[in-house]
Amino acid sequence: PKDYAKALKWYTKAAEQGLAAAQYGLAYMYHNGEGAPKDYAKALRWYTQAAEQGLAGAQYGLAGMYHKGEGVPKDYAKALKWYTKAAEQDHSSAEYTLGFMYRFGQGVPKDYAKAVQWYTEAAVQGHSAAQYNLGYMYNQGEGVPKDYAEAIKWYAKAAEQEALKGEMGEMG
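This section reports on the structure supplied with the text. (Residues numbered from 1 in each chain as written. Predicted model: local features only at pLDDT ≥ 70, side-chain atom pairs only at ≥ 80, totals over all residues. Heavy atoms only, no water.)

## Details of the overall build of the protein chain
Part 1 of the argument: The helix and strand inventory of the protein chain stands at 10 helices and 0 strands.
Part 2 of the argument: Ordering the α and β elements of the protein chain from the N terminus gives α-α-α-α-α-α-α-α-α-α.
Part 3 of the argument: In terms of overall dimensions, the protein chain has C-alpha extents of about 55 × 35 × 25 Å along its principal axes.
Part 4 of the argument: Counting all 172 residues of the protein chain, 42% fall into the buried class.
Part 5 of the argument: Nonlocal contacts in the protein chain, meaning residues at least 24 apart in sequence, comprise 42% of its contacts between residues at least 6 apart.
Part 6 of the argument: Accessible area of the protein chain: about 8900 Å², with a carbon and sulfur share of 52%.
Part 7 of the argument: Averaging the locations of the 19 positively and 19 negatively charged side chains of the protein chain gives two centres separated by 6 Å. (Helix = DSSP H or I, 4+ residues; strand = E, 2+ residues; numbered from the N terminus. Buried < 20%, exposed > 50% of the residue type's maximum accessible area, 1.4 Å probe, protein only. Contact = heavy atoms within 4.5 Å. Areas by Shrake-Rupley, 256 points an atom, 1.4 Å probe, with all protein chains shown as cover. Lys, Arg positive; Asp, Glu negative; His and termini not counted. Charge placed at Lys NZ, Arg CZ, Asp CG, Glu CD.)

## Here's the deal with the pattern of salt bridges
Part 1 of the argument: Tallied over the entire structure, the rule returns 2 salt bridges.
Part 2 of the argument: The partner of Arg 103 in a salt bridge is Glu 142, and the shortest N-O contact between them spans 3.5 Å. In this pair, Arg 103 sits in helix α6 (residues 92-104) while Glu 142 sits in the loop between α8 (128-140) and α9 (148-160), placing the two residues 39 residues apart along the sequence. The burial state of Arg 103 is the same as that of Glu 142; both residues are buried.
Part 3 of the argument: Notably, a salt bridge pairs Glu 150 with Lys 153, separated by 3.2 Å at the nearest N-O pair. Taken together, the residues Glu 150 and Lys 153, both in helix α9 and 3 residues apart, mark about one turn of the helix.
Part 4 of the argument: Accessibility expressed as a relative area gives 36% for Lys 153, which makes it partly exposed. (Salt bridge = Lys/Arg side-chain N within 4 Å of Asp/Glu carboxyl O.)

## A word on α8
Part 1 of the argument: A rise of 1.5 Å per residue sets the reference length of α8, with its 13 residues, at 18 Å; its end C-alpha atoms lie 18 Å apart and thus fit the reference within 8%.
Part 2 of the argument: The element α8 is extensively covered by neighbouring structure, given that 10 of its 13 residues are classed as buried.
Part 3 of the argument: When we look at burial in α8, the residues that qualify are Ser 128, Ala 129, Ala 130, Gln 131, Tyr 132, Asn 133, Leu 134, Gly 135, Met 137 and Tyr 138.
Part 4 of the argument: Following α8 by one or two positions, Gly 141 has its phi on the positive side, about 75°. (Expected span 1.5 Å × (residues − 1).)

## Considering the packing of aromatic side chains
Part 1 of the argument: One pass over the structure, following the stated rule, counts 5 aromatic pairs.
Part 2 of the argument: For the pair Tyr 60 and Tyr 83, a centre-to-centre distance of 5.7 Å together with 50° between the ring planes defines the contact as tilted. Taken together, the residues span a long stretch of sequence, with Tyr 60 in helix α4 (residues 56-68) and Tyr 83 in helix α5 (residues 76-87) at a distance of 23 residues.
Part 3 of the argument: Overall, Tyr 83 belongs to the buried group, its relative accessible area being 3%. (Phe/Tyr/Trp six-rings, centres within 6.5 Å; stacked < 30°, edge-to-face > 60°.)

## A short note on the nonpolar core
Part 1 of the argument: Formed by 48 residues in total, the largest nonpolar core has its most connected members in Tyr 30, Tyr 47, Leu 62, Tyr 66, Tyr 83 and Leu 134.
Part 2 of the argument: When near neighbours in sequence (up to four residues on either side) are disregarded, Tyr 30 contacts Leu 8, Ala 36, Pro 37, Lys 38, Asp 39, Lys 42, Ala 43 and Trp 46. (Core = buried A, V, L, I, M, F, W, Y, C linked by side-chain atoms within 4.5 Å.)

## A short note on the packing of α4 against α5
Part 1 of the argument: For the pair α4 and α5, the least separation of the axes is 8 Å and the interaxial angle reads 160°. Here α4 is positioned roughly antiparallel relative to α5, judged by the angle of their axes. At the point where α4 passes α5, the crossing takes the left-handed sense. Residue-level inspection shows Ala 56, Gln 59, Tyr 60, Leu 62, Ala 63, Gly 64, Tyr 66 and His 67 of α4 in contact with α5, the latter providing Tyr 76, Lys 78, Ala 79, Trp 82, Tyr 83, Lys 85 and Ala 86. (Axes fitted to C-alpha atoms, helices over the stretch in contact; angles between N-to-C directions. Parallel < 35°, antiparallel > 145°, perpendicular 65-115°, else oblique. Left-handed = near helix turned anticlockwise from the far one by under 90°.)

Given below as structure tokens:
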């Protein structure tokens, strides 16, 4: 059983001592309202502290707040900065999101080649939504020459993970 009260107490003590993993845990709790009231200001504070220490998960969480405008004005430039820092540490969801931003021109000029690059980085790590989107780009010839065999390869990898059933909402 989860004891959120204890988790909150100990995460707070460790976070105040500067422990990045605890700062990230605390940020996550406040961001998602898990074991603590949803509080974007506190989530932002703790994500920022952990992100500045180089914790990829916190960088991704902070980027997401800027991307969606959660508790802060929507800021694609800041989102891009933090997604990139996380992606440079092979954070597959950050890589996927960068692919999405470049594919659809969110805060950056539309760039299918960069979208393919980032989707590929995430896809080879097993990120199913990236695999699906990469397959789509090969199927359509977006950023790469049309290649149905390559498209089928990535669609199959995504399907093996039940991506088509479980993550259809994530796949643009």
